[in-house]
Amino acid sequence: MFSVQILFFLLFFVIGLVFGSFLNALEWRLHKKKSLLTRSECSKCHKQLTWYENIPVFSFIFLFGKCKHCHKKIGWQYPVVELLLAFLFSFIFYYHSLMGDFSWLLIIRDCLAVFALLFIFIYDTKYMEVSDSITLGSAGILFVLSLFLNTSWLSMLLGAVIGGGFFLLQFVVSKGKWIGGGDIRIGILMGILLGWKLLLLALWLAYIIGGIFSIILVLTKKKGMKTEVAFGTYLSVATFVTMFFGSQILNWYLRLIF
Ligand SMILES: [Zn+2]
């Protein structure tokens, strides 16, 4: 039994690598408004990539991080995202094996959710933009999958209304100056994924993570006080933490104050 688990653990690692590679491609194509159906190409010289230039992580290593044709550097984002998603996918498998709530559908849903969150994280950090098709598309898919997992539709709907409404209100009050419209869509996704209770925790965490990170950025003089920071970056990290450790954090916090 134990060796079977290691086998699945490795399998999820490999699936994560492949999806990480897909995430990189999706990110670039959505930003450049290119079709998803064309073959992969070098982002600098636009030469089509052969299959062996397209293997997650390995291609980057044996090409020494450079394009074979134009010799320009391949961004370090590519192998990092592939490895990160590989670790996250195997973590999800490990987590649910350990938690005793193992179900394949649950694992698939969590892998999809983490894929969407990582996508939002990178896209917002890199381009200061939120892709609506990814945010709302994954919110819809996650809603349906969660229904099959007997998650309360009311809690998800309430979460979506509170999450979306929270940002909509700020958007309207500030006339779009404090936050972008994309954050409203992320709020809806968060509410569906977490339900209304954990959503509140995730929002709170996002502001704490954002606050700590802003202080670090200002102290290290990476950013001035007024520099705009993509909030979707913090929201996606907070949502991930809440998905897997939200209940523990809540319990710990409640024990601390009562
Ligand atoms: Zn090239």
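What counts and what doesn't
- Residues numbered from 1 in each chain as written.
- Predicted model: local features only at pLDDT ≥ 70, side-chain atom pairs only at ≥ 80, totals over all residues.
- Heavy atoms only, no water.
- UniProt positions renumbered as here; feature names shortened; annotations may be inferred.
- Helix = DSSP H or I, 4+ residues; strand = E, 2+ residues; numbered from the N terminus.
- Phe/Tyr/Trp six-rings, centres within 6.5 Å; stacked < 30°, edge-to-face > 60°.
- Salt bridge = Lys/Arg side-chain N within 4 Å of Asp/Glu carboxyl O.
- Buried < 20%, exposed > 50% of the residue type's maximum accessible area, 1.4 Å probe, protein only.
- Contact = heavy atoms within 4.5 Å.
- Core = buried A, V, L, I, M, F, W, Y, C linked by side-chain atoms within 4.5 Å.
- Domains from an automatic or database assignment.
- Patch = residues over 30% accessible without salt bridge, like charges linked within 9 Å, V, L, I, M, F, W, Y side chains within 5 Å.
- Areas by Shrake-Rupley, 256 points an atom, 1.4 Å probe, with all protein chains shown as cover.

J.: I'd like a rundown of the UniProt feature "domain: Prepilin type IV endopeptidase peptidase" (unreviewed entry) in the chain, residues and numbers included.
T.: The feature "domain: Prepilin type IV endopeptidase peptidase" (unreviewed entry), as annotated in UniProt, sits at residues 112-215 in this numbering. Along residues 112-215, the helical share is 86% and the strand share 0%, with 32 Å between the first and last C-alpha atoms.

J.: I'd love a proper account of the packing of aromatic side chains, names of residues and values included.
T.: For the coordinates displayed, the defined rule picks out 30 aromatic pairs. Measuring from centroid to centroid gives 5.2 Å for Phe-8 and Trp-104, while their planes differ by 55°, and the two rings are tilted. In this pair, Phe-8 is assigned in helix 1 (residues 2-32) and Trp-104 in helix 4 (residues 104-127), connecting sequence segments 96 residues apart. Here Phe-167 and Phe-231 contribute two aromatic rings whose centre-to-centre distance is 6.2 Å and whose plane-to-plane angle is 65°, an arrangement assigned as edge-to-face. Within this pair, whereas Phe-167 is found in helix 6 (residues 153-173), its partner Phe-231 is found in helix 8 (residues 231-257), the two being separated by 64 residues in sequence. Pairwise contacts between aromatic rings join Phe-166, Phe-167, Tyr-207, Phe-213, Phe-231 and Tyr-234 into one cluster.

J.: Before we move on, can you summarise the pattern of salt bridges with the specific residues and values?
T.: If the charged atoms of two oppositely charged side chains come close together, the side chains can form a pair. All told, the structure shown has three salt bridges when counted by the stated rule. For Glu-41, the salt bridge is made with Lys-34, and the minimal N-O distance between the two is 3.4 Å. Relative accessible area serves as the criterion here: at 35%, Lys-34 is assigned to the partly exposed category. The partner of Arg-185 in a salt bridge is Asp-132, and the shortest N-O contact between them spans 3.0 Å. With a gap of 53 residues between them, Arg-185 in helix 7 (residues 181-219) and Asp-132 in helix 5 (residues 132-148) connect regions that are remote in the sequence. Of the residues examined, Asp-132 reaches a relative accessible area of 32% and is grouped as partly exposed.

J.: Describe the side chain of Ser-90, naming the residues involved and giving the relevant values.
T.: Tracing the backbone shows Ser-90 in helix 3 (residues 77-99). Judged by its relative accessible area of 1%, Ser-90 falls in the buried class. The residues contacting Ser-90, other than those within four sequence positions of it, are Phe-9, Phe-12 and Phe-13.

J.: Residue-level account of the nonpolar core, with values.
T.: The biggest cluster of nonpolar side chains holds 50 residues, and the ones touching the most others in it are Leu-23, Leu-85, Leu-235 and Met-243. Looking at this core, the elements that each hand over two or more residues are helix 1, helix 3, helix 4, helix 5, helix 6, helix 7 and helix 8. Per-element accounting of this core gives the leading share, 13 residues, to helix 7. The two domains that each donate at least three residues to this core are domain 1 (1-102) and domain 2 (105-258). Leave out the neighbours within four places in its chain, and Leu-235 touches Phe-167, Asp-183, Ile-186, Met-190, Leu-203 and Ala-206.

J.: So what's going on with unusual backbone geometry? Which residues, and what values?
T.: The backbone of Val-57 shows a phi angle near 60°, a positive value even though the residue is not glycine. Counting through the fold element by element, Val-57 comes out in the loop between helix 1 and helix 2 (58-62). Even without glycine at this site, His-71 takes up a positive phi of about 60°. Tracing the backbone shows His-71 in the loop between helix 2 and helix 3. Under the relative-accessibility criterion, His-71 is labelled exposed at 54%.

J.: Tell me what's going on with a nonpolar patch on the surface, and back it up with residues and numbers.
T.: Side chains of Trp-204, Ile-208, Ile-212, Phe-213, Ile-216, Trp-252, Tyr-253, Leu-254, Leu-256, Ile-257 and Phe-258 sit close together on the surface and give an oily, nonpolar patch of about 1,200 Å² of accessible area. Of all the elements in the fold, those that place two or more residues in the nonpolar patch are helix 7 and helix 8. Tracing the sequence through the fold places Leu-256 in helix 8. By relative accessible area, which is 56% here, Leu-256 ends up exposed.

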